[in-house]
Amino acid sequence: MNKYSKRIELFMGDITEQKVDAVVNAANTSLLGGGGVDGAIHDAAGPALLDECRTIGGCPVGAARITKGYQLPAKHVIHTVGPVWRGGEHGEPELLRNAYKSSLELAKKHGIKTLAFPNISTGIYRFPKHRAARLAIETVKSFLDRNSLPKKVIFVCYDEENYYIYKEYIESNL
Ligand code: AR6
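Owing to the predicted nature of the structure, the values given are computational and were not obtained by experimental measurement. (Residues numbered from 1 in each chain as written. Predicted model: local features only at pLDDT ≥ 70, side-chain atom pairs only at ≥ 80, totals over all residues. Heavy atoms only, no water.)

### Re the layout of surface pockets
Turning to step 1, where the next piece is worked out: Here the largest pocket is characterised by a volume of approximately 550 Å³.
Turning to step 2, where the next piece is worked out: As for the largest pocket, its lining consists of 26 residues, and the residues nearest its centre are A26, G36, V37, D38 and G123.
Turning to step 3, where the next piece is worked out: Where the lining of the largest pocket is concerned, the elements lending two or more residues are β2 (22-27) and α1 (36-45).
Turning to step 4, where the next piece is worked out: At 4 residues, α1 tops the list of elements feeding residues into the lining of the largest pocket.
Turning to step 5, where the next piece is worked out: For the lining of the largest pocket, the class distribution of residues is 11 nonpolar, 11 polar and 4 charged. (1 Å grid on protein atoms, 1.4 Å probe; cavity = no way out; pocket = protein on both sides within 12 Å on 5 of 7 lines; lining within 4 Å. Points joined across faces, edges and corners; volume = space filled by probe spheres on them. Helix = DSSP H or I, 4+ residues; strand = E, 2+ residues; numbered from the N terminus. Nonpolar A, V, L, I, M, F, W, Y, C, P; charged D, E, K, R; others polar.)

### Points about the pairing of strand β5 (residues 114-117)
Turning to step 1, where the next piece is worked out: Two elements, β2 and β5, share 2 bridges in a ladder whose sense is parallel. In the sheet register, A22 faces β5, and the bridge partner there is L115.
Turning to step 2, where the next piece is worked out: For β5 and strand β6 (residues 152-157), the ladder comprises 4 bridges, and the chain directions are parallel. Note that in β6 the partner of F117 across the bridge is F155.
Turning to step 3, where the next piece is worked out: In this fold, β5 hands off to helix α4 (residues 129-146), which returns the chain to β6; that crossover is right-handed. (Pairing = 2+ DSSP bridges. Right-handed = clockwise from strand over helix to strand, strands pointing away.)

In structure tokens, the structure reads:
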């Protein structure tokens, strides 16, 4: 048991099935959909999500934007854009940290109590999984230390490799 055990959860599966106040989408700067988790969220939410995204006009890397969840069990989608991994010397860690922070700030602003994150940038954008997991967990813990919202953050891992990486870091209370 550590002090985060009630506020951080780990789940292996599909983020589109999460019944939470908001799921985070690992989008691209256009916010007009794509593959991976972005494609899955748009498929499950239905075409009205894309209609709302079109009105937003994109999102810079490291920032976040909120929409409704439409046909998803989640009430909202927080769209953020992680960096494409280009060797690590192009500000990628800072940009990934900003993607998590911006999502958490936006969640807090909208009174979101339960928030589910996918493993941003670790798929098509190729950010190394260990480094991304460590950075994600550290950023979330530091935010939760200073804020009462969101009450709970769920890390949703779709692939087993990420799941076991997260499990080790969370249990070892880094
Ligand atoms: N539920 C939870 N996690 C998932 C799901 C799902 N249904 N599907 C995939 N993942 P990726 P990125 C995991 O590639 O690297 C899109 O085209 C996946 O196993 O979705 O940030 C966007 O439009 C991986 O661990 O996002 C961008 O162009 C994690 O989600 C680009 O991909 C992130 O993989 C963003 O790339």
